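So the chains spell out like this:
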2 protein chains.
Amino acid sequence: MDPMLRIETGLNMVFARAQAPSGPQLLGAAMRHAVFPGGARVRARLCLAVAHACGDDDQAAADAASVAIELLHCASLVHDDLPCFDDAATRRGRPSVHAAYGAPLAVLAGDALIVLAFQALAWGTLATPMRLGPLLLTIGQAVGMPGGIIAGQAWESEPNADLSVYQRAKTGALFAAATIAGAAAAGAQVQPWRRLGEALGEAYQVADDLLDAVGNAQTTDKPVGRDNALNRPSAVRAYGVQGALALLESLAKAASESIPDCPGAVPLRALIAQEARRLVPKSLAQAAA
Amino acid sequence: MDPMLRIETGLNMVFARAQAPSGPQLLGAAMRHAVFPGGARVRARLCLAVAHACGDDDQAAADAASVAIELLHCASLVHDDLPCFDDAATRRGRPSVHAAYGAPLAVLAGDALIVLAFQALAWGTLATPMRLGPLLLTIGQAVGMPGGIIAGQAWESEPNADLSVYQRAKTGALFAAATIAGAAAAGAQVQPWRRLGEALGEAYQVADDLLDAVGNAQTTDKPVGRDNALNRPSAVRAYGVQGALALLESLAKAASESIPDCPGAVPLRALIAQEARRLVPKSLAQAAA
């Protein structure tokens, strides 16, 4: 099955389990709004791509891992957009969850999506329960304290934040979990896959900083200059636009070179090259052409 | 080991795993503020009491279940206190988490506590991994959609909420999970334990409604009359103070009578009788004496 179809099917299946006529309908709608239609689902695709490269002997577990990672990513966006953080009125070209449903339901939608992610792992490993613990711990570490995406967001409230520590937690951790969980879901050794996720996570963070600095109305989710206005750590503020572009290129190369020898290495390298091109803001790609 | 000591030790152990000098210190402090010093830890004690009544053959799993339930309860309090919900400045006689650390860290502390709860389950079942899935699904159902405590809170945003559906989700679900998870952690049949948790959950909700209506400066966590001011469903609004008191008494009796035949039935009944006395607001208990 096509990876995007697997992801959308998997997401719809967990929503079908979570949503019943007996439950509060507005919360259900707010949760759906946060997840559908999605963005590039890049973390979930990365997870499935690694599982595929490792033989994908347990598709239900791989699907569950990719769905859990996507739900946790969506939950973090919902909470990041709240008035007390970015106060973002739009996301992916539509009203953000709090703009559409109010802050209370946005808080609860994020909470419920976190819970649903862990439930998805348990549902997806009913036939292979020995894989649940390693998947839960891998993904939990990427989300919670001290180094997951929630910790990453919390660095914005700290008086002194180190740029690399902040970015590794805010973005890198869930990418690393995507590759590691993909391997774990397929029963493969996980350690060789960590560097791939870390390098891609750094690349995405740098790309996000570039988007914030130079803008790209077609693809960016947030107003230009917000990182600067909020005094946030940023690769562009640290290295300038050209320096950040060079960093992005070297990270994509490191990601590609980190892929261990495996049957699925060639299509995985192609996916990474395609993503690396997509990451460069269009205005900069045109300027360089 | 004394149940309260087991719970505090278990909570401290998961915090030790989650908090590292490398992580954001303010988030760590906000999380601790939410959990220590605790309240009566009644859900966690209930979970351990049922595990004990069922033989408690896997203390690590029972400890993990009780810790997870307590962390999820604390997370829900942190988010319920946020300005967009109750806007409560105090909790358990101290500043609420958002009052002490600001709304951003309060949102993130709740999020991180939810994640930590699921991690706790995985850590506590490393030696008995077949118990992880059932525990996760039991507890996940009690927290998420469509009928868990997050769904319960969301009913406050619905135009039409049924009092019993709302209370079953808002309070009853986590109590039912406490008894079911206690049995599951001990490898016992879970179904006979559901009614106990449900009845106690209803009793706590009614007691909370009474506290809100008549007040009890020594024990209540919130300003008197808030449910009424916020137009919330409440047993006192539905049945009056005397009706709610009678309901509370009958629920405590139902809880006690629901306990299945087991070696630990006698101490468990004593615990419930003690809790039932504690639940009646002091002003009403004195009036009745």
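Novice: Help me out: how do you make sense of the overall build of chain A in this one?
Specialist: Helices and strands together make up the secondary structure of chain A, namely 14 helices and two strands. By the compact-globule yardstick of 19 Å for 289 residues, chain A fits well, its C-alpha radius of gyration being 18 Å. Dimensions along the principal axes, computed over C-alpha positions, put chain A at roughly 50 × 50 × 35 Å. Of the contacts formed within chain A by residues at least 6 apart in sequence, a portion of 70% connects residues at least 24 apart.

Novice: Help me understand the confidence of the model for chain A, please; the structure alone is not making it clear to me.
Specialist: Atom-level detail of predicted coordinates should not be read off regions where pLDDT is low. In the predicted model, chain A carries a mean pLDDT of 91, and the fraction of residues at 70 or more is 93%. ipTM for the predicted complex: 0.93, alongside a pTM of 0.93.

Novice: It is not clear to me how the interface of chain B and chain A should be interpreted in this structure. Could you clarify?
Specialist: Contact with chain B, which involves 49 residues of that partner, is made by 49 residues of chain A. Among the elements of the structure, helix 2 (25-35), helix 6 (103-124), helix 7 (132-143) and helix 8 (149-154) of chain B are those that each provide at least two residues to the side of chain B that touches chain A. Here the side of chain B that touches chain A is built from residues that sort into 32 nonpolar, 15 polar and two charged.

Novice: Which parts of the structure should I look at to understand the environment of A:Glu275?
Specialist: Residues and elements named next belong to chain A. Mapped onto the secondary structure, Glu275 falls in helix 13 (residues 265-279). The exposure class assigned to Glu275 is partly exposed, which follows from the 19 C-beta atoms found within 10 Å. Once the C-alpha coordinates of Glu275 and Tyr204 are considered, the two residues, 71 residues apart in sequence, prove to be 9.5 Å apart.

Novice: Explain the relation of the copies chain B and chain A to me, please; I cannot follow it from the model alone.
Specialist: Of the two same-sequence chains, chain B is brought onto chain A (RMSD 0.0 Å, axial shift 0.0 Å) by a rotation of 180 degrees. Both copies of the chain, as the preceding transformation shows, are related through a two-fold rotation axis. Of the residues that chain B buries at the interface, 100% are likewise interface residues in chain A, meaning the two copies contact each other through the same surface.

Novice: Honestly, the environment of B:Gly152 in this entry has me stumped. Any pointers?
Specialist: Residue and element names in this part refer to chain B. Residue position: Gly152 is located in helix 8. Along the chain, Gly152 and Leu71 lie 81 residues apart, while their C-alpha atoms are 17 Å from each other. Not counting residues within four places of it along the chain, the set of residues in contact with Gly152 comprises Tyr166, Ala169, Lys170, Thr171 and Ala173.

Novice: Would you mind going over the nonpolar core with me for this structure?
Specialist: Burial of nonpolar side chains together is a common tendency in soluble globular proteins. Within the largest apolar cluster, 207 residues are counted, with the highest numbers of intra-cluster contacts made by A:Ala68, A:Ala109, B:Ala68 and B:Ala109. Setting aside chain neighbours within four positions, we find A:Ala109 in contact with A:Leu27, A:Ala30, A:Met31, A:Ala34, A:Val78 and A:Val97.

Novice: Looking at this structure, how should I read the packing of helix 3 (residues 42-53) of chain B against helix 4 (residues 59-80) of chain B?
Specialist: Residue and element names in this part refer to chain B. Relative orientation of the contacting elements helix 3 and helix 4 amounts to 160 degrees, with a least axis distance of 8 Å. In terms of orientation, helix 3 lies roughly antiparallel with respect to helix 4. For the pair helix 3 and helix 4, the sense of crossing is right-handed. Together, Arg43, Ala44, Cys47, Leu48 and Ala51 of helix 3 and Ala62, Ala65, Ser66, Val67, Ile69, Glu70 and His73 of helix 4 make up the contact between the two elements. Grouping the constituent residues of the contact of helix 3 with helix 4 by class yields eight nonpolar, two polar and two charged.

Novice: What should I look at first to understand helix 13 of chain A in this one?
Specialist: Since the α-helix packs 3.6 residues into each turn, any two residues three or four apart lie on the same face. All names here are of chain A. In a regular helix each residue adds 1.5 Å, so 15 residues correspond to 21 Å; helix 13 covers 21 Å between its end C-alpha atoms and thus fits that length. Within helix 13, burial applies to Leu268, Ile272 and Leu279. An end-on view of helix 13 places all buried positions within 40 degrees of arc, on one side of the element. Pointing more than 90 degrees away from the buried face of helix 13 are the exposed residues Val266, Pro267, Ala270, Gln274 and Arg277. The secondary structure elements touched by the buried residues of helix 13 are helix 3 (42-53), helix 10 (194-214) and helix 12 (235-258).

Novice: Explain the packing of helix 1 (residues 3-18) of chain B against helix 3 of chain B to me, please; I cannot follow it from the model alone.
Specialist: Any two packed helices are characterised by how steeply their axes cross, that is the angle between the axes, and by the distance between the axes. Residue and element names in this part refer to chain B. Between helix 1 and helix 3, whose axes approach to 10 Å, the crossing angle comes to 115 degrees. Seen from above, helix 1 lies across helix 3 with right-handed handedness. Of the residues in helix 3, those touching helix 1 at Pro3, Arg6 and Ile7 are Ala44, Arg45, Leu48 and Ala49. Of the residues belonging to the contact of helix 1 with helix 3, the class tally is five nonpolar, no polar and two charged.

Novice: Got a minute to help me understand the environment of A:Gly124 in this structure?
Specialist: Residue and element names in this part refer to chain A. Within the fold, Gly124 resides in helix 6 (residues 103-124). Residues Gly124 and Ala285, spaced 161 residues apart in sequence, show a C-alpha to C-alpha distance of 41 Å. With near-sequence residues (within four places) excluded, Gly124 lies in contact with Ala60, Ala61, Asp63 and Ala64.

Novice: It is not clear to me how helix 6 of chain A should be interpreted in this structure. Could you clarify?
Specialist: Compared with the 32 Å implied by 1.5 Å per residue over 22 residues, the 31 Å span of helix 6 of chain A between its first and last C-alpha is a close match. A large share of helix 6 of chain A lies buried, amounting to 22 of its 22 residues.

Novice: I keep staring at unusual backbone geometry and nothing clicks. Help me out?
Specialist: What you tend to see is this: most non-glycine residues have negative phi, and most peptide bonds are trans. A cis amide bond, omega 0 degrees, links A:Met145 with the succeeding residue A:Pro146. Mapped onto the elements, A:Pro146 comes out in the loop between helix 7 (132-143) and helix 8 (149-154). Not every positive phi belongs to a glycine, and A:Arg41 is a case in point at roughly 50 degrees. Within the element layout of this structure, A:Arg41 appears in the loop between helix 2 (25-35) and helix 3. One non-glycine residue, B:Asp56, adopts positive backbone phi at about 50 degrees. Relative to the helices and strands, B:Asp56 resides in the loop between helix 3 and helix 4. Overall, B:Asp56 belongs to the buried group, with 20 C-beta atoms counted inside 10 Å.

What counts and how
- Residues numbered from 1 in each chain as written.
- Chains lettered and ligands numbered in written order.
- Predicted model: local features only at pLDDT ≥ 70, side-chain atom pairs only at ≥ 80, totals over all residues.
- Helix = DSSP H or I, 4+ residues; strand = E, 2+ residues; numbered from the N terminus.
- Rg over C-alpha atoms; globule rule 2.2 N^0.38 Å.
- Contact = placed C-beta atoms within 7 Å.
- pLDDT = per-residue confidence, 0-100.
- Nonpolar A, V, L, I, M, F, W, Y, C, P; charged D, E, K, R; others polar.
- Buried ≥ 20, exposed ≤ 12 C-beta atoms within 10 Å, placed from the backbone.
- Least-squares fit on C-alpha atoms with pLDDT ≥ 70 in both.
- Core = buried A, V, L, I, M, F, W, Y, C linked by C-beta atoms within 7 Å.
- Axes fitted to C-alpha atoms, helices over the stretch in contact; angles between N-to-C directions.
- Parallel < 35°, antiparallel > 145°, perpendicular 65-115°, else oblique.
- Left-handed = near helix turned anticlockwise from the far one by under 90°.
- Expected span 1.5 Å × (residues − 1).
- Arc of directions from axis to C-beta.

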